[in-house]
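As a plain string of letters, each chain reads:
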Amino acid sequence: MAVKIRLTRIGRHKDPFFRIVAADSHFARDGRYIEQIGYFDPQKGIENATIDEELALKWLKAGATPSDTVKAMFSRKGINAKYVESKKAAK
């Protein structure tokens, strides 16, 4: 099972809102997911995305691959740096 950390769209027409979820890559974009990690309102910008760092790090350590957009969010929030540090510390 290939797990991806990606966005799933909710919200109404022309007013998007996204959940950041860990999902099997075979599941539909807006379908079933394993766990919700956070949420993102594009009208407020990436800086205001709410992400549970512990869950994000848990899934990254388990081998989940973030999408490009989620990877950019993680970089801005500093989650990527924490993941790299924990990976170096494990060696």
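Details of the structure are given in the entry above.
Throughout what follows, the structure given in this document is the object of discussion.

Looking now at the sheet that holds strand β4 (residues 50-51). Read across the open sheet, the five strands follow the order β4-β3-β2-β1-β5; overall the sheet is mixed. The sheet is open, and its two borders are formed by β4 and β5 (65-66), each paired with just one other strand. Relative to strand β3 (residues 35-40), strand β2 (residues 15-24) is paired through five bridges, and the arrangement is antiparallel. Its bridge partner lying in β3, A22 is registered against E35. Contacts between helix α1 (residues 53-61) and the sheet are confined to β1 (3-12), β2, β3, β4 and β5, with β3 contributing the most and set at about 125 degrees to the helix. Packing of helix α2 (residues 68-77) onto the sheet brings it into contact with β1, β2, β3, β4 and β5, and relative to β1 it is tilted by some 95 degrees.

Within α2, burial applies to V70, M73 and F74. Within α2, the buried residues cover an arc of 100 degrees as seen down the axis, which keeps them to one side. Exposed residues lying more than 90 degrees from the buried face of α2 are D68 and R76. Taken from the residues just after α2, G78 is the one with a positive phi, measuring 85 degrees.

Let us now look at the nonpolar core. One recurring pattern in soluble globular proteins: nonpolar side chains tend to sit buried together. Residues I5, I20, I37, I51 and F74 are the most contacted members of the largest nonpolar core, which totals 21 residues. Looking at this core, the elements with two or more residues in it are β1, β2, β3, α1, α2 and α3 (79-90). Sort the elements by how many residues they give to this core and α1 lands first, with five residues.

Scoring rules and cut-offs
Residues numbered from 1 in each chain as written. Predicted model: local features only at pLDDT ≥ 70, side-chain atom pairs only at ≥ 80, totals over all residues. Heavy atoms only, no water. Pairing = 2+ DSSP bridges. Helix = DSSP H or I, 4+ residues; strand = E, 2+ residues; numbered from the N terminus. Contact = heavy atoms within 4.5 Å. Axes fitted to C-alpha atoms, helices over the stretch in contact; angles between N-to-C directions. Buried < 20%, exposed > 50% of the residue type's maximum accessible area, 1.4 Å probe, protein only. Arc of directions from axis to C-beta. Core = buried A, V, L, I, M, F, W, Y, C linked by side-chain atoms within 4.5 Å.

Any functional reading would require information that these geometric values do not contain.
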